[in-house]
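If you want the building blocks of each chain, they are given just below.
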Amino acid sequence: MDINIGIDEAGREKSSNALKKLLADTYTLYLKTHGYHWNVEGPHFQQLHLQFMEQYTEMWTAVDELAERIRALGHYAPSSYSEMSGLSSIKEETGNPDWQEMVTNLAKGHEQVAKTAREVLRVAEEIGDEATSDVVAPRLTLHEKTAWMLRATAH
């Protein structure tokens, strides 16, 4: 069935491609945060264990919303780790960083997701995709705030 939502195919593809990068960045940061939740140690264990759980739970919900927006635009969302990894500007890490490195790494990750969200908003504005803007603008606010809180925690 043809899609007739007021955005032509080229615009829907452009918006979907930008959203796919945001989805991949969010998913990769979700995985990193969940792993840190499992492995954090040190004097701030309880606080960080709970903080990381709050963050990964929020991102888990967000990836579904982002994927559903891609589908509403008529495109398929990436659905494998290899696809996510290939699209993500956040790279996975190996090893077991200490709590302070974890916090710093996550702050940088949230900053990157904010940058990616800004690009999606630019594309959405360019093609008149207000619905994508409505999905992404709160994500930008959340990631900027989370990055600030993590930076404050790292000191």
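Heads up: the structure comes first, above all this text.
Residues numbered from 1 in each chain as written. Predicted model: local features only at pLDDT ≥ 70, side-chain atom pairs only at ≥ 80, totals over all residues. Heavy atoms only, no water.

Participant: Sorry, what's going on with the overall build of the protein chain here?
Facilitator: If you tally the helices and strands in the protein chain, you get 5 helices and 0 strands. Ordering the α and β elements of the protein chain from the N terminus gives α-α-α-α-α. Dimensions along the principal axes, computed over C-alpha positions, put the protein chain at roughly 55 × 30 × 20 Å. In the protein chain, which comprises 155 residues, the share counted as buried stands at 46%. Accessible area of the protein chain: about 8,500 Å², with a carbon and sulfur share of 52%. Between the averaged position of the 15 positive side-chain charges in the protein chain and that of its 24 negative side-chain charges there is a distance of 4 Å. (Helix = DSSP H or I, 4+ residues; strand = E, 2+ residues; numbered from the N terminus. Buried < 20%, exposed > 50% of the residue type's maximum accessible area, 1.4 Å probe, protein only. Areas by Shrake-Rupley, 256 points an atom, 1.4 Å probe, with all protein chains shown as cover. Lys, Arg positive; Asp, Glu negative; His and termini not counted. Charge placed at Lys NZ, Arg CZ, Asp CG, Glu CD.)

Participant: How should the side chain of Lys32 be read in this particular structure?
Facilitator: Its place among the elements puts Lys32 in helix α1 (residues 9-39). Classification of Lys32 by relative accessible area gives buried; the value is 11%. Within the structure, the side chain of Lys32 is placed 3.3 Å from the backbone oxygen of Lys91, a separation counted as a polar contact. Those residues within four positions of Lys32 in sequence are excluded, and the remaining contacts are Ile90, Lys91, Glu93 and Leu106. (Polar contact = N/O pair within 3.5 Å; in protein donor to acceptor, adjacent residues only side chain to side chain. Contact = heavy atoms within 4.5 Å.)

Participant: Can you help me understand the side chain of Asn105 in this one?
Facilitator: The residue Asn105 is located in helix α4 (residues 99-127) in this model. A distance of 3.0 Å separates a polar atom in the side chain of Asn105 from a polar atom in the side chain of Tyr36. Apart from residues no more than four positions distant in its own chain, Asn105 is found in contact with Tyr36, Glu93 and Pro97.

Participant: Help me understand the packing of helix α2 (residues 45-72) against α4 in this model?
Facilitator: Two packed helices can be described by the angle between their axes and the distance between those axes. At a minimum axis separation of 12 Å, α2 and α4 run at an interaxial angle of 25°. By the angle class used here, α2 and α4 are roughly parallel. Note on packing geometry: the crossing formed by α2 with α4 is left-handed. Residues Leu48, Phe52, Gln55 and Met59 of α2 touch α4, and the partners they reach there are Trp99, Met102, Val103, Leu106 and His110. (Axes fitted to C-alpha atoms, helices over the stretch in contact; angles between N-to-C directions. Parallel < 35°, antiparallel > 145°, perpendicular 65-115°, else oblique. Left-handed = near helix turned anticlockwise from the far one by under 90°.)

Participant: Would you mind going over the packing of aromatic side chains with me for this structure?
Facilitator: On inspection of all chains with the given rule, the structure shows 4 aromatic pairs. With a centroid separation of 6.1 Å and an interplanar angle of 75°, the aromatic rings of Tyr30 and Tyr56 are classed as edge-to-face. Here the residue Tyr30 occupies a position in helix α1, and Tyr56 occupies one in helix α2, the gap between them amounting to 26 residues. Ring centres 6.4 Å apart and planes at 50° place the aromatic pair Tyr36 and Phe52 in the tilted group. Residue Tyr36 is located in helix α1, and its partner Phe52 is located in helix α2; the two are separated by 16 residues in the primary sequence. In this structure, Tyr36 and Phe52 share a single accessibility class: buried. Cluster of aromatic residues (ring-pair linked, three or more members): Tyr27, Tyr30, Tyr56 and Trp60. (Phe/Tyr/Trp six-rings, centres within 6.5 Å; stacked < 30°, edge-to-face > 60°.)

Participant: Help me out: how do you make sense of α2 in this one?
Facilitator: Side chains three or four residues apart in an α-helix point the same way, a direct result of the helix having 3.6 residues per turn. With 28 residues, α2 ought to run about 40 Å at 1.5 Å a step, and its terminal C-alpha atoms sit 41 Å apart, in line with that. In the core, the buried residues of α2 are packed alongside α1, α4 and α5 (130-154). Downstream of α2 by one or two residues, Gly74 has phi in the positive range, about 90°. (Expected span 1.5 Å × (residues − 1).)

Participant: How should I be thinking about the environment of Pro138 in this particular structure?
Facilitator: Position of Pro138 among the secondary structure elements: in helix α5. For Pro138 and Ala117, which are 21 residues apart along the polypeptide, the C-alpha to C-alpha distance reads 9.6 Å.

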